[in-house]
Amino acid sequence: MMQRRIYIVCLALFMFVFISSSFAQRDKSEISVGFGYYSIYSLVNRGNGYPLNSSSGTYAMTYRYYITKDVTLGMGIGAENISTWGSFVTIAPELTVTYLDTRQSTVRVRLYGSVSYGITLFNNTTLKPDQADNSGVWASGFQATPFGIRIGRQFAYFAEVGVGYKGIFHTGLAVRFPRILARNRKHIDD
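Residues numbered from 1 in each chain as written. Predicted model: local features only at pLDDT ≥ 70, side-chain atom pairs only at ≥ 80, totals over all residues. Heavy atoms only, no water.

Caption draft 1: Here's a closer look at the pattern of salt bridges. What the rule picks out here adds up to nine salt bridges. Between Arg-108 and Asp-101 there is a salt bridge; the shortest N-O distance is 2.5 Å. There is no split in this pair, since Arg-108 and Asp-101 are both buried. Salt bridges sharing common partners tie together Glu-30, Arg-64, Glu-94, Arg-150, Glu-160 and Lys-166. (Salt bridge = Lys/Arg side-chain N within 4 Å of Asp/Glu carboxyl O. Buried < 20%, exposed > 50% of the residue type's maximum accessible area, 1.4 Å probe, protein only.)

Caption draft 2: Geometry of the environment of Thr-90. Along the chain, Thr-90 falls in strand β4 (residues 86–101). Note on Thr-90: relative accessible area 1%, which makes it buried. Along the primary structure Thr-90 and Tyr-165 are separated by 75 residues, whereas in three dimensions their C-alpha atoms are 7.0 Å apart. (Helix = DSSP H or I, 4+ residues; strand = E, 2+ residues; numbered from the N terminus.)

Caption draft 3: Fine view of the environment of Asn-123. Along the chain, Asn-123 falls in strand β5 (residues 109–124). Asn-123 sits 14 residues away from Val-137 along the chain, and the two C-alpha atoms are 7.3 Å apart.

Caption draft 4: Examining the packing of aromatic side chains more closely. Overall, the coordinates contain eight aromatic pairs when judged by the stated rule. Ring geometry for Trp-85 versus Phe-88: centroids 5.0 Å apart, planes at 75°, classification edge-to-face. Among the aromatic residues, ring-to-ring pairing joins Phe-35, Tyr-37, Tyr-38, Tyr-59 and Phe-169 into one connected group. (Phe/Tyr/Trp six-rings, centres within 6.5 Å; stacked < 30°, edge-to-face > 60°.)

Caption draft 5: Local environment of helix α2 (residues 40–47). Listed in full, the buried residues belonging to α2 are Tyr-41, Ser-42 and Asn-45. Relative to the axis of α2, the buried residues are bounded by an arc of 95° and lie together on one face. Of the surrounding elements, those touching the buried residues of α2 are β2 (55–66), β3 (71–82), β4, β5 and β6 (137–152). Residue Gly-49 follows α2 closely and has a positive phi angle near 100°. (Arc of directions from axis to C-beta. Contact = heavy atoms within 4.5 Å.)

Caption draft 6: Representation of the sheet that holds strand β7 (residues 155–164) in the model. In space, the eight strands of this closed barrel follow the order β1-β2-β3-β4-β5-β6-β7-β8, with antiparallel pairing throughout. Ignoring which end each strand starts from, the neighbouring axes of this sheet average 25° apart. Across the sheet, α2 lies against β2, β3, β4, β5, β6 and β7, angled at about 35° from β3, the strand it touches most. (Pairing = 2+ DSSP bridges. Axes fitted to C-alpha atoms, helices over the stretch in contact; angles between N-to-C directions.)

Caption draft 7: Just the nonpolar core, in detail. Core analysis: the largest hydrophobic core is formed by six residues, namely Tyr-41, Ile-82, Phe-88, Ala-92, Phe-122 and Tyr-165. Sequence-distant contacts of Tyr-41, that is, excluding residues within four places in its chain, are made with Glu-80, Ile-82, Trp-85, Phe-88, Thr-90, Thr-120, Ser-140, Gly-141 and Tyr-165. (Core = buried A, V, L, I, M, F, W, Y, C linked by side-chain atoms within 4.5 Å.)

Caption draft 8: Summary view of the side chain of Gln-143. As for its position among the elements, Gln-143 is in strand β6. We classify Gln-143 as buried; its relative accessible area is 2%. A polar contact of 3.1 Å, which involves the side chain of Gln-143, links it to the backbone nitrogen of Tyr-165. Setting aside residues no more than four positions away along its own chain, Gln-143 makes contact with Ser-114, Val-115, Ser-116, Gly-162, Val-163, Gly-164, Tyr-165, Lys-166 and Gly-167. (Polar contact = N/O pair within 3.5 Å; in protein donor to acceptor, adjacent residues only side chain to side chain.)

Caption draft 9: Layout of the pairing of strand β8 (residues 169–177). Taken together, the nine bridges between strand β1 (residues 29–37) and β8 define a ladder with antiparallel strand orientation. By the bridge assignment for β8, Ser-29 is matched with Phe-177. From the end of β7 to the start of β8, which pair antiparallel, there are four residues, and Gly-167 there has a positive phi angle of about 110°.

Caption draft 10: Quick look at the side chain of Asp-101. Mapping Asp-101 onto the fold places it in strand β4. According to the relative accessible area criterion, Asp-101 is buried, its value standing at 17%. Separated by 3.3 Å, the side chains of Asp-101 and Arg-103 make a polar contact. Within the structure, Asp-101 has its side chain in polar contact with the side chain of Arg-108 (distance 2.5 Å). Apart from residues lying up to four places away in sequence, Asp-101 is in contact with Asp-70, Arg-108, Val-109 and Arg-110.

Okay, here's the thing in structure tokens:
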């Protein structure tokens, strides 16, 4: 079962790298950093009787590659430490689709949704001498975000509502990089 998950993640990474290299001259890239509250792990920990404030919150970084002006493929990584349980690091390929974009407005606003599925590495930090060490265990990690808003053009603020490793509420800053190699081709609208 674990080998199958690793195989799926490796296949997704391969597809991401292949698509990125085949369209690298056409589109732009974006890097975002954010902070999330109430991840799926902290909610499960809460269900076990521990307070939500035992979580550090989720720190996340995401790379997105614009396949078209409304669709991106990306890779996200998130880290969270829950003092009563352990630490979690999630790596997940991500698909984002924009469903509203005010390109022609003075202030650009984009509404989007995204989904990601990958792997999570768990490190138990609350071991007692008589307990078995389950550190290094791999599990599925996901994020489903039906609503996200991005305000800005090259530099932007974003806020997302969803469920998964980034949290129910996730917010941060993003910067988009222009194409370097294809200066004479038609650009995606800023």
